[in-house]
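Residue-level listing of the chains:
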Amino acid sequence: MKILITGGAGFIGSNFIFYMLQTHPDYELICLDKLTYAGNLKTLEPVMKQANFKFVKGDIADRQAVFELFGSEKPEVVVNFAAESHVDRSIENPGVFLQTNVIGTQVLLDACRQFGVERYHQVSTDEVYGDLPLDRPDLFFTEQTPLHTSSPYSASKAGADLLCNAYQRTYNLPITISRCSNNYGPYQFPEKLIPLMIANALADKPLPVYGEGLNVRDWLYVEDHCRAIDLILQNGEAGQVYNIGGHNEMRNIDIVKLILKTLGKPESLITFVTDRKGHDMRYAIDPTFIHEKLGWLPETRFADGIQKTIEWYLSHKEWWQEIISGEYQGYYERMYGNR
Ligand code: NAD
Ligand code: TYD
């Protein structure tokens, strides 16, 4: 099986590459990544020389480059992780979110039509469902929940999902979509809540909690997510949406306090700052469908996953400190610029 993985130099994509190389050593993987600020090729260094892995630097929205890649590599399966992924950045600059998340998806879908694939899988988000109220803990997102977006990020992801459905129905393209909750684990860019708070706490810098910190997210350990996508590729049904999450709901403020406690840092580092515009209150996935259809359940409880994650950031300080210093951005040119 030959799989094209886009966005594989980012957080979830890199974890997925490691997971797939380990789980399916007979597969051939090609990673297409633009190496935006969120992509770090150093993450993939341990597998760069592996015979069944190939890295290609490129933009999913670059039609010519994408079609050339499909023509030369003829992937059988495409998994699209490539995206602008940070809500706060989408509030500052929506344009690049539409370009990558919508137009980039369209280019990939067109290439799949032209060259034919066994499966196109779109990695989406629970944020396309909007949010749930805090006073209705009985409500969860199912695959039938209407799309109702809040941020330019979630609107661009919903646009991409709708395009995927349109290509399935109109052109009979075999697509699947997964909508997962907030991921955490190794190699997450330190602009997202958990790595940002760990990095700031270790540097004794203020921990910026938006609003009152009462917003709830449903946390998914990244490896559980990778396993779910693998299952969808193996046994998922074309045209189907799968929600991935696992009743690991936590308030932001409680996560921040837990991180401080684990690191032995004082709660006085917490600083409440102006709330995010349009801030979603609560996300919560009902994973019944993927459990019943594919037998998937998350294996990592939040209490264990967060300890593993904190330990990873403690033992890989160089990885995130090079990101904070900006050092990582010249890595591709230094290592591969003249090759
Ligand atoms: P990330 O920001 O860590 O990584 C994104 C990767 O995509 C980077 O390597 C970047 O260089 C690459 N990329 C960006 N624009 C590109 C382009 N035009 N062409 C090629 N590559 C490009 O993101 P992540 O957290 O790993 O998220 C991966 C996917 O999962 C995204 O589609 C995101 O919407 C979705 N998702 C993430 C979460 C989460 O909690 N992180 C939750 C739900 C869904
Ligand atoms: P984030 O990691 O950006 O993920 P998302 O917005 O996709 O859920 O944020 C998770 C939660 O943490 C969200 O409610 C916003 C909040 N947050 C803060 O309070 N402070 C921060 O510095 C960041 C980055 C996020």
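Structure shown above.
Residues numbered from 1 in each chain as written. Chains lettered and ligands numbered in written order. Predicted model: local features only at pLDDT ≥ 70, side-chain atom pairs only at ≥ 80, totals over all residues. Heavy atoms only, no water.

Caption draft 1: Quick peek at the packing of aromatic side chains. Counted according to the given criterion, the structure contains 18 aromatic pairs. On the basis of an interplanar angle of 90 degrees and a centroid distance of 5.2 Å, the ring pair of Tyr37 and Phe189 is categorised as edge-to-face. Highlighted residues: Tyr37 in the loop between strand E2 (28-33) and strand E3 (53-57) and Phe189 in the loop between strand E7 (183-184) and helix H6 (193-202), separated in sequence by 152 residues. Exposure remark for Tyr37: the relative accessible area of 16% places this residue in the buried category. The exposure class of Phe189 is buried, given its relative accessible area of 12%. When the centroid spacing of 5.5 Å and the interplanar angle of 35 degrees are considered together, the rings of Tyr242 and Phe289 count as tilted. On the criterion of sequence distance, the pair formed by Tyr242 in strand E11 (residues 241-244) and Phe289 in helix H9 (residues 288-294) is long-range, its members being 47 residues apart. (Phe/Tyr/Trp six-rings, centres within 6.5 Å; stacked < 30°, edge-to-face > 60°. Helix = DSSP H or I, 4+ residues; strand = E, 2+ residues; numbered from the N terminus. Buried < 20%, exposed > 50% of the residue type's maximum accessible area, 1.4 Å probe, protein only.)

Caption draft 2: Structural view of the sheet that holds strand E5 (residues 119-125). Strand order in the open sheet formed by 7 strands is E3-E2-E1-E4-E5-E6-E11, and the pairing between neighbours is parallel. Edge positions in the sheet fall to E3 and E11, since each has one partner strand and no second. Between one strand axis and the next, the sheet turns through 20 degrees on average, direction left out of account. As paired strands, E5 and strand E6 (residues 175-180) are joined by 6 bridges and run parallel to one another. Paired with Val123 across the bridge in E6 is Ser178. Contacts from helix H4 (residues 95-115) reach strand E1 (2-6), strand E4 (77-80), E5 and E6, with the element oriented near 165 degrees to E5. (Pairing = 2+ DSSP bridges. Axes fitted to C-alpha atoms, helices over the stretch in contact; angles between N-to-C directions. Contact = heavy atoms within 4.5 Å.)

Caption draft 3: Focus on the packing of helix H10 (residues 302-315) against helix H11 (residues 317-325). Orientation of H10 relative to H11, taken along the N-to-C sense of each, is 75 degrees, at an axis distance of 5 Å. One element, H10, and the other, H11, form an angle in the roughly perpendicular class. Within the contact between the two elements, H10 uses Trp312, Tyr313, Leu314 and Ser315 and H11 uses Lys317, Trp319 and Trp320. Considering only residue class, the contact of H10 with H11 consists of 5 nonpolar, 1 polar and 1 charged. (Parallel < 35°, antiparallel > 145°, perpendicular 65-115°, else oblique. Nonpolar A, V, L, I, M, F, W, Y, C, P; charged D, E, K, R; others polar.)

Caption draft 4: Highlighting the site of ligand 1. Within the structure, ligand 1 sits among 28 residues, and Ile12, Asp33, Ser85, Tyr153 and Lys157 are positioned closest to it. At 3.0 Å, a side-chain N or O of Thr100 approaches a nitrogen atom of ligand 1. At 2.6 Å from an oxygen atom of ligand 1 is found a side-chain nitrogen or oxygen belonging to Tyr153. In the complex, 97% of the free accessible area of ligand 1, which totals 840 Å², lies under the protein chains. At the level of secondary structure, the elements contributing two or more residues to the shell around ligand 1 comprise helix H1 (11-23), E5 and helix H5 (152-171). Sorting elements by how many residues they give to the shell around ligand 1 places E5 first, with 3 residues. (Near = heavy atom within 4 Å. Polar contact = N/O pair within 3.5 Å; in protein donor to acceptor, adjacent residues only side chain to side chain. Areas by Shrake-Rupley, 256 points an atom, 1.4 Å probe, with all protein chains shown as cover.)

Caption draft 5: Fine view of the site of ligand 2. In the region of ligand 2, 18 residues are neighbours, and Glu127, Pro208, Arg217, Arg276 and His279 sit closest. The separation between an oxygen atom of ligand 2 and a polar main-chain atom of Tyr210 is 2.9 Å. The contact in question runs from an oxygen atom of ligand 2 to an N or O atom on the side chain of Arg276, over 2.5 Å. In isolation ligand 2 offers 510 Å² of accessible surface; the protein chains occlude 96% of this area. Secondary-structure elements contributing two or more residues to the shell around ligand 2 are H6 and strand E8 (207-210). The residue inventory of the shell around ligand 2, partitioned by class, reads 8 nonpolar, 5 polar and 5 charged.

Caption draft 6: View of the pairing of E2. Counting buried positions along E2 yields 5 of 6 residues, so the element is predominantly enclosed. For E1 and E2, the ladder comprises 5 bridges, and the chain directions are parallel. From the neighbouring strand, Ile5 faces E2, where its bridge partner is Cys31. Where the polypeptide runs from E1 across H1 and back to E2, its parallel neighbour, the crossover connection is right-handed. For E2 and E3, the ladder comprises 5 bridges, and the chain directions are parallel. Paired with Asp33 across the strands is Lys57, a residue of E3. (Right-handed = clockwise from strand over helix to strand, strands pointing away.)

Caption draft 7: Representation of the state of the cysteines in the model. Scanning the model with the defined rule gives 0 disulfides in all. Cys164 carries a free sulfur, and the closest cysteine sulfur to it, the one in Cys112, is 9.2 Å from it. (Disulfide = S-S within 2.5 Å.)

Caption draft 8: Here's a closer look at the pattern of salt bridges. This structure, assessed with the given rule, holds 18 salt bridges. The partner of Asp204 in a salt bridge is Lys265, with the nearest N and O atoms 3.0 Å apart. Of this pair, Asp204 sits in the loop between H6 and E8 while Lys265 sits in the loop between helix H8 (252-263) and strand E13 (270-273), and the two are 61 residues apart along the sequence. Residue Lys265 is classed as partly exposed on the basis of its relative accessible area, which comes to 22%. A salt bridge links Arg251 to Asp254; the shortest N-O distance between them is 2.9 Å. (Salt bridge = Lys/Arg side-chain N within 4 Å of Asp/Glu carboxyl O.)

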